[in-house]
Every structure is written in structure tokens, then in C-alpha cells.
Amino acid sequence: MPKGTKFYLHVFGCQMNVYDADRLRSALVNRGWVEVPEDTAKVIVFVTCSIREKAEQKVLSALGRHGRSRSRASRPLVAVIGCMAQRMGEELMRRFPWVSLVAGPRHLGLVPEALDDALRNGRRHLLLDANAREVIDLDEIPIVRSNPYKAYVTIAHGCDNFCTYCIVPYVRGRFRSRRPEDVIYEVEHLVKSGVLEVTLVGQNVNSYGRDLKGYGFPRLLEDVASIPGLVRLRFTTSHPRDFTDDLIEVMARVESICPSVNLPIQSGSDRILRLMNRGYTVAEYAAKVERLRDALPQLGLTSDLIVGFPTESDEDFRASLRALEVFRFDQVHTASYSPREGTPAARMTGQIPEETKRERLCAVNALQSEIALEINKGLVGKECEILLDGFAPKGEGLLQGRTVTDKVVIVPGGANCLGKFALVKLVRAEHWCLHGEILSLRAFPLREREVRDRAG
Ligand code: SAH
Ligand code: SF4
Ligand code: F3S
């Protein structure tokens, strides 16, 4: 590979893409390439997402801009990888002649060599596969990450749930657990390289091990949590149907597992949940939440919700609003239903007009912001501990960190505080974050009990 090649990664989508991008970045840096800002890059890689039409449109317009922005000679080599590459591969090659490489998420392992070949020989590569079971993975530990203190580690590829609205099973392929020893080896390396917080990721982490003999997610969680030097362990996303009591028991017992869960409900109407093929009712969901809150009084609980699924009536929609009021989530990722070609829901009759979807989205967002603000206001005046992991998105001299319950806290501070645990006093609440002041800093966290006693 030509050493010193300047590259830029543009990452869209979920944490699985962040993980893939971190591994690709590590692979390229290990081969002597250098990461630079976008405008000076010789190679630009888009790591893409297909979850909603909007996610794809962002990439399409960025690709369009590229073709026009620079003269042919100075134009960077453009590669498109990830879920959208898998979904639209050939069309991308046709529409954007300046795209040199398109590779689906199950072909990540071939990307570094293909980039090299495209650069040296000017050949175009289309790396897609028809076999949803095959994964040509990139055997690389994500040592060079977008964030030095925290890392994502994918524990399973693909998804077999086939929720009727969702494109993921089609683009990421069949569910396959990574071997526990590979996950553990990787986390050990990450911890040695300075990582303090690891998030295990998968589209349904709770079904981890279904294809391994007698080794399930609770066991993996406990084994990873016992790696010396790992301070915080998180996981996402959890499927409500597969969230077991064993898992709740491990979470309650093992201190380094953070008491925070993302448990997507998707709708508050049993009729819609059935049409979505989610495999649970609102009452079953409520029973899981109750068990979680009983076992983990501190629990931070977030969720995902779709509005405007085909045939969603006013009554179904009101049931979703009610669910927000009943469960009082700390945060909800809301989305307006976006038909994805090839999925069963896209073919259903009773598609909801855009205007209605927009109104419903505004209504859930307004209600959820109110709830989140109330919850956060209740924390003002208390103390909590955060891991300072980056600069705040806005405002000079501000850092941000997260509590064990996954709340964002913004504090005044300098770069020298990054990577440290701060005991903070919470002074002001917004719906999406809290503002605080640092009381003390340390390299290692307080024991959970000490923090809980302070937080009251
Ligand atoms: N595996 C996770 C979610 C993966 S996708 C789960 O089972 O919940 C992330 C979120 O995107 C979903 O929770 C859902 O709320 C949203 N989403 C997925 N497909 C969508 C679609 N077609 N339209 C709108 N939102 C969608
Ligand atoms: Fe999509 Fe459902 Fe799989 Fe989540 S569980 S990735 S929503 S098919
Ligand atoms: Fe998007 Fe693929 Fe993740 S479709 S949400 S990047 S698995």
C-alpha cells in the first residue's frame, strides 16, 4: 500500500458502523496511511446506513457533491461501504462513475486491499454477496478509534428477527455470534490500549450465543466484565422479547456493568406490534421493565419508537403517547416510518400520509422532551460520577461525559481532564443533557456505593 496515503472516514448509522469504521481506520493506519480532514484527503470512505430513506439521502447528496466539487485530477478516490452499499451497490456504481469501490458490511475484510488496488491500478471494485451467511471479516482490533476512552465491540453479525419495517436482516445478513474467546481477546487488547468503557453491540445482543452451545449473553457479559482494567461495560441493542431474568441478575450483581438499557418498544399498540412482528405485547414489555427497575433502582432506560407504521390509527398512536407517559424513558429515539423496499411493511396497504407522520413525530417529540426534562430536573442539586470522554459539541471550554446510567453531562474543563472520572454536582437540566460542575477528578472511579450514597 502506498505509505502516507491521506484518508478520511465519514461515518453514518449505528454503533456497528462506528465499530466497523474503527477497525478499518486501524487497518489503514497500521498499513502506514494517515487520517486527515476531508478537504485534504486522497481517499474518502463513506460508511453508510440504510435504516431510513433520509439516512441514504444524506450519502447520495454527499456523493453528488463530490462529483462536482473538485477537478477530475484532484478528485479523491471515493469508496462507499456499509449497509447502503449492500442495498444499492450496482446502482451506486452506475450513478456515480467517480465511486471506485462499493462493499457491503460482510465484505469489510476485503476493503483495505481493494482500496490499494483501486489507488494503484485505477480498477473499480464491487464487493457484494448474495450469500447472507458468509462474512469476510476484517481481522483487526480497533486500536485507532474515533474515541480513545471508549470502544464498541460487535458481538454478533446480522439479525434474524425480520421486524416487518426493517432493512437490517437484508443488508447485514443472518445472525451469527462471534466466538466468545475472540470478543474477550479483543476487549483485553482494547483495555491495554487505554479503553475504560466498552459497549458490546449487535442488533439483538440478547440472542447472543443462540448459535453457540451453552454459552449465552449473560455469561459473555460476566466474562467480559471480569477483564482487569475494564471500568465500565455497556451493551446495545436489547430486544424486549429476549431480555431474560438471568441477564437482569448479572447486571444487578456485577458492578462494572452499567445500569443502563436501551429497550426499543417501537409502538404502544399491541395491534401495531403484531404487524411489526415484534414478538411481545405492551403488557409483556411492561413486565420486563418492572423487573429491571426492581433489580436496578438506578436504571437509565431509553427506547426507540416508530410513528406512522402502516394502518396506525389515531387510537394506536395515542397508545404510543400513553406508553411514553407510563414508562417515562430517559430518552427515546423517535422516527417516522420510512418504507424500505423489499420489506413486508412497505407492501402493506394503509400507508400513512407524510403530513400525518410529521404531526405524530412532532407530538411524540414534544411529549418526550417534557418527560425527559422533568426527569433531569429531578437530578439537579445531586452529585454523580461521569467519565469525561470528549469535548461538548457546542461551547468553548466545555467537556462532556456520561453517568453510569448513560446521561450526558456537560461541564467546564480543559483537555487535561479527558479520560478521567469526575465527581460532579448537577446544576442545570435540559431535556437531552445535564450541566454540572466538577467537584473532584480521579483516574479510577469511586465505588458504585459511594456514588449512589452521594446521588441520594
Ligand atoms: N435492533 C434494534 C434496532 C435497530 S434499527 C431493535 O430491534 O430495536 C434502529 C431503529 O431504527 C429502530 O429501533 C427503529 O426505531 C428505527 N427504524 C428501523 N427501521 C425503520 C423504518 N423503516 N422506518 C423508521 N424507523 C425505523
Ligand atoms: Fe431490525 Fe428487528 Fe432486527 Fe432490530 S430486531 S435489527 S428492528 S429486524
Ligand atoms: Fe443503519 Fe446498517 Fe446500522 S442499516 S442502523 S448502519 S446495521
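Sequence order as written defines residue numbering, which begins from 1 separately in each chain. Numbering of ligands from 1 and lettering of chains from A proceed in the order in which they are written. Residue-level local features of this predicted model are given only where pLDDT is at least 70; pairs of side-chain atoms are given and counted only at 80 or more, and the full residue set underlies all totals for whole chains, interfaces and linings. To obtain the side-chain values, all non-hydrogen atoms of the structure were used and water was disregarded.

Some remarks on the overall build of the protein chain
Helix numbering and strand numbering both begin at the N terminus, where a helix is a DSSP run of H or I of at least 4 residues and a strand a DSSP run of E of at least 2. If you tally the helices and strands in the protein chain, you get 13 helices and 19 strands. Two things to know: the radius of gyration comes from C-alpha atoms, and the globule rule equals 2.2 Å times the number of residues to the power 0.38. Over its C-alpha atoms the protein chain spans a radius of gyration of 22 Å, differing by no more than 12% from the 23 Å that the globule rule assigns to 456 residues. C-alpha atoms of the protein chain, sized along the principal axes, occupy 65 × 55 × 50 Å. Under the scheme applied here, a residue whose accessible area is under 20% of the maximum for its type counts as buried, over 50% as exposed, and between as partly exposed, the area being computed with a 1.4 Å probe on protein chains only. Within the span of the protein chain, comprising 456 residues, buried residues form 55% of the whole. It only takes one pair of heavy atoms within 4.5 Å for two residues to be counted as in contact. Restricting the contact set of the protein chain to residue pairs at least 6 apart, pairs at least 24 apart contribute 72%. His is not counted, nor are the chain ends, whereas Lys and Arg count as positive and Asp and Glu as negative. A single reference atom marks each charge: NZ on Lys, CZ on Arg, CG on Asp, CD on Glu. Averaging the locations of the 64 positively and 58 negatively charged side chains of the protein chain gives two centres separated by 4 Å.

What about the nonpolar core?
Grouped burial of nonpolar side chains is what soluble globular proteins tend to show. Note on terminology: a nonpolar core comprises buried Ala, Val, Leu, Ile, Met, Phe, Trp, Tyr and Cys residues joined through side-chain atoms within 4.5 Å. One finds Leu 200, Phe 217, Val 224 and Phe 235 to be the most contacted residues of the largest nonpolar core, which totals 68 residues. An automatic or database domain assignment provides the domain bounds reported here. Counting the residues that make up this core, at least three belong to each of domain 2 (147-258) and domain 3 (265-377). Ignoring any residue separated from it by four or fewer positions in sequence, one finds Val 224 in contact with Val 183, Ile 184, Val 187, Leu 200, Leu 230 and Leu 233. Counting residues in each nonpolar core, the second largest holds 22 residues, with Ile 81, Leu 108, Val 111 and Leu 127 among its members.

Points about the site of ligand 2
Nearness of a residue to a molecule or strand requires only that one of the residue's heavy atoms be within 4 Å of it. With respect to spatial proximity, the complete set of residues near ligand 2 consists of Cys 159, Asn 161, Phe 162, Cys 163, Tyr 165, Cys 166, Val 168, Pro 169, Gln 203, His 239 and Arg 278. Residue type decides the class: Asp, Glu, Lys and Arg count as charged, Ala, Val, Leu, Ile, Met, Phe, Trp, Tyr, Cys and Pro as nonpolar, and the leftover types, Gly among them, as polar. In the shell around ligand 2, the residues fall into 7 nonpolar, 3 polar and 1 charged.

With respect to the pattern of salt bridges
For this analysis, a salt bridge means a side-chain nitrogen from Lys or Arg found within 4 Å of a carboxyl oxygen belonging to Asp or Glu. Applying the stated rule across the entire model yields 33 salt bridges. Its salt-bridge partner being Arg 23, residue Asp 137 comes within 3.1 Å of it at the nearest N-O pair. With Asp 137 in the loop between strand S6 (125-127) and strand S7 (150-154) and Arg 23 in helix H1 (residues 15-30), the pair connects residues that are 114 residues apart, well separated along the chain. Residue class for Arg 23 comes out buried when judged on its relative accessible area of 3%. Linked by salt bridges that have partners in common, Glu 197, Arg 232, Arg 234, Arg 402 and Asp 406 make up one network.

Some points on the sheet that holds strand S3 (residues 43-48)
Taken together, 6 strands build an open sheet; the order of strands is S2-S1-S3-S4-S5-S6 and the sheet is parallel. Two strands in the sheet have a free side with no partner beyond their single neighbour: strand S2 (34-35) and S6. Note on pairing: two strands pair once DSSP finds at least 2 bridges between them. With 6 bridges joining them, S3 and strand S4 (residues 77-82) adopt parallel strand pairing. Paired with Phe 46 across the bridge in S4 is Val 80.

Overview of the domain arrangement of the protein chain
Split by domain assignment, the protein chain resolves into domain 1 (6-127), domain 2 (147-258), domain 3 (265-377) and domain 4 (383-455). The centre of domain 1, based on its C-alpha atoms, is set 27 Å off from the matching centre of domain 2. Listed by partner, the interface residues are 14 residues for domain 1 and 17 residues for domain 2. Accessible area, probed at 1.4 Å, shrinks when two parts are joined; the buried area is that loss added up over both. Taken together, both faces of the contact between domain 1 and domain 2 bury some 1,400 Å²; the carbon and sulfur share is 63%. Here domain 1 is connected to domain 2 by 1 salt bridge. In protein, a polar contact means a hydrogen-donor-capable atom and an acceptor-capable atom, both N or O and within 3.5 Å, with residues adjacent in sequence counting only if both atoms are side-chain atoms; elsewhere, any N or O pair within 3.5 Å suffices. If you look at where domain 1 meets domain 2, you find 5 residue pairs in polar contact (both at pLDDT 80 or more). At 6 residues, the largest contribution of residues to the side of domain 1 that touches domain 2 is made by H1. Residue composition of the side of domain 1 that touches domain 2, by class: 7 nonpolar, 4 polar and 3 charged.

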